[in-house]
Amino acid sequence: ADCNAVLKALQPVFQEQGMTETVHNWEDHGYLATYIQKNGSFASLRIHPHGLVLVDLQSYSDHTKGREETDQLLDKVEERMKELFHGNIKRVKRLPAILRGGVIDRYWPTADGRLVEYDIDEVVYDEDSPFQNIKILHSKQFGNILILSGDVNLAESDLAYTQAIMGSGKEDYTGKEVLILGGGDGGILYEIVKLKPKMVTMSNIDQMVIDGCKKYMRKTCGDVLDNLKGECYQVLIVYCIPVLKRYAKEGRMFDYVINDLTAVPISTSPEEDSTWEFLRLILDLSMKVLKQDGKYFTQGNCINLTDALTLYEEQLSRLYCPVEFSKEIVCVPSYMELY
């Protein structure tokens, strides 16, 4: 590509806006031109020798006129490029504006590192507990969304997640003993209590998660978090590892253990000095409190993270007892990915 020709063709577009220009050029590496307006808005124009032209506009504008002016400037850039190359441009891609520094943060990463922009219109709850940051944000599509330390946990739309981690309707919980690890949003507890179990014990370390969810995630948890004890359930505000060790020592056994802990441990001790050792410890302790014919349910990961899923399956072969396992893939609405 003729970098100099591209630069000369586009310079007038920015100069017409009264922008101050600075140009840097590198031998064999093209040009970088920056354009600054008196109001602090600026543009960077990067021209690569292989033909890629990047234009980035940044401005502080919270009114419609400012956005229209930005669009008009980009329109002129596109028109000038088409004139220069007589329409022989392979592709033009204009990305939506990223709104930075706003009161409402709409951008959250998927498990495999892609950036998703949510239709969030309200910060419902935002507090720091001794363990993590807790946010509940309202989405027009998904209802209230629980986000723990930047990790999208569950939205009111995500019954599919709760059903999957309970066995997707294939299990009979009637009269059964169930242990839930984590589950602070109350969704699993709420759904299992409907199925008439003998007793459900839930261990969650963070009272503030429970307090936030019982107030702002009621479509998910119903009324089960209003009291820490009910006719067939109890909620223990305690780290789950001491609970598992105590139950194992006492010989207490469960028909089901459901692991709904956060993806990365929020509290560790020297004996659990890595994520994988933490996961192995949870698995081993869970097997010790699980009946011989019992079942252990847990989340895996998004299907794009094949290496992480393979590593997790390898942990199952390292347990002190042999286990069989199966997998199910479901679409969790607010995750915007298959899990």
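What you see is a predicted model, and the numbers here were worked out from it, not measured in a lab. (Residues numbered from 1 in each chain as written. Predicted model: local features only at pLDDT ≥ 70, side-chain atom pairs only at ≥ 80, totals over all residues. Heavy atoms only, no water.)

Caption draft 1: The overall build of the protein chain, seen in detail. Broken down by element type, the protein chain carries 9 helices and 18 strands. Against the globule reference of 20 Å for 339 residues, the protein chain gives a C-alpha radius of gyration of 27 Å, more extended than a compact globule. Dimensions along the principal axes, computed over C-alpha positions, put the protein chain at roughly 80 × 40 × 35 Å. Within the span of the protein chain, comprising 339 residues, buried residues form 42% of the whole. For the protein chain, the accessible area works out to roughly 19000 Å², and carbon and sulfur atoms hold 50% of it. Separation of charge centres in the protein chain, based on 37 positive and 51 negative side chains, amounts to 2 Å. (Helix = DSSP H or I, 4+ residues; strand = E, 2+ residues; numbered from the N terminus. Rg over C-alpha atoms; globule rule 2.2 N^0.38 Å. Buried < 20%, exposed > 50% of the residue type's maximum accessible area, 1.4 Å probe, protein only. Areas by Shrake-Rupley, 256 points an atom, 1.4 Å probe, with all protein chains shown as cover. Lys, Arg positive; Asp, Glu negative; His and termini not counted. Charge placed at Lys NZ, Arg CZ, Asp CG, Glu CD.)

Caption draft 2: Summary view of helix α5 (residues 207-216). When α5 is considered as a whole, its buried residues turn out to be Val209, Ile210, Gly212 and Cys213. Buried residues of α5 fall within an arc of 165° about the axis and therefore sit on the same side. Along its buried surface, α5 packs onto β7 (120-128), β8 (133-139), β9 (143-148), β12 (199-204), α6 (218-221) and β14 (233-237). (Arc of directions from axis to C-beta. Contact = heavy atoms within 4.5 Å.)

Caption draft 3: Structural context of the sheet that holds β14. An order of β13-β14-β12-β11-β15-β16 is seen for the 6 strands of this open sheet, with the pairing classed as mixed. Pairing within the sheet leaves two strands with one partner each, and these edge strands are β13 (229-230) and β16 (290-298). Sheet analysis places β12 next to β14, joined by 5 bridges and oriented parallel. Residue pairing for β14: Met202 is matched across the bridge by Val235. The strands touched by helix α7 (residues 240-250) within the sheet are β11 (177-182), β12, β14 and β15 (254-260), with β11 carrying the most contacts at an inclination of about 150°. (Pairing = 2+ DSSP bridges. Axes fitted to C-alpha atoms, helices over the stretch in contact; angles between N-to-C directions.)

Caption draft 4: How the structure looks around the pattern of salt bridges. Counted by the stated rule, this structure contains 16 salt bridges. Taking the shortest distance from any N to any O, the salt bridge between Asp126 and Lys135 comes out at 3.8 Å. Taking relative accessible area as the criterion, Asp126 reaches 38% and is therefore assigned partly exposed. When its relative accessible area of 19% is taken as the criterion, Lys135 is described as buried. (Salt bridge = Lys/Arg side-chain N within 4 Å of Asp/Glu carboxyl O.)

Caption draft 5: Layout of the sheet that holds strand β4 (residues 53-58). As summarised here, the arrangement of the 4 strands in space is β1-β2-β3-β4, forming an open sheet in which the pairing is antiparallel. Single-partner strands in this sheet number two, and they are β1 (20-26) and β4. In this sheet, neighbouring strand axes are inclined to one another by 10° on average, regardless of whether the strands run parallel or antiparallel. Where β1 and strand β2 (residues 30-36) come together, 7 bridges link them in antiparallel fashion. Bridge pairing in β2 places His24 opposite Leu32. Along the sheet face, helix α1 (residues 3-15) touches β1, β2, β3 (42-47) and β4 and points at about 5° away from the line of β2.

Caption draft 6: Expanded view of α7. Looking at α7, one finds that the buried residues are Cys240, Ile241, Val243, Leu244 and Tyr247. Taken around the axis of α7, the buried residues stretch over an arc of 160°, which confines them to a single face. In α7, the exposed residues that point more than 90 degrees away from the buried face are Lys249 and Glu250. Contacts made by the buried residues of α7 are with β11, β12, β14, β15 and α8 (275-288). Once α7 finishes, Gly251 follows within two positions and takes phi at roughly 80°, a positive value.

Caption draft 7: Seen up close, the UniProt feature "active site" (unreviewed entry) in the protein chain. UniProt annotation of "active site" (unreviewed entry) refers to Asp260 when read in the numbering used here. Looking at where Asp260 falls in the secondary structure, it is placed in strand β15. The exposure class of Asp260 is buried, given its relative accessible area of 11%. Beyond its immediate stretch of four places on either side in the chain, Asp260 contacts Tyr161, Ile165, Leu181, Gly182, Gly183, Asp185 and Ile188. (UniProt positions renumbered as here; feature names shortened; annotations may be inferred.)

Caption draft 8: Inspection of the packing of aromatic side chains at higher detail. Applying the stated rule across the entire model yields 8 aromatic pairs. Consider the rings of Tyr125 and Tyr216, whose centres lie 5.8 Å apart with planes at 45°: the pair is tilted. Here Tyr125, found in strand β7, pairs with Tyr216, found in helix α5; they are 91 residues apart in sequence, far enough to count as distant. On the accessibility criterion, Tyr216 (24% relative accessible area) is partly exposed. (Phe/Tyr/Trp six-rings, centres within 6.5 Å; stacked < 30°, edge-to-face > 60°.)

Caption draft 9: Main features of unusual backbone geometry. Positive phi is not limited to glycine here, since Ser149 has a value of about 50°. Its location among the elements puts Ser149 in the loop between β9 and β10 (151-155). Even without glycine at this site, Ser168 takes up a positive phi of about 55°. Following the sequence through the fold, Ser168 ends up in the loop between α3 (159-165) and β11.

Caption draft 10: The arrangement of the side chain of Ser41 in detail. Along the polypeptide, Ser41 turns up in the loop between β2 and β3. Overall, Ser41 belongs to the buried group, its relative accessible area being 8%. Dropping the residues within four chain positions of it, Ser41 is found in contact with Met19, Tyr35, Ile36, Gln58, Ser59 and Tyr60.

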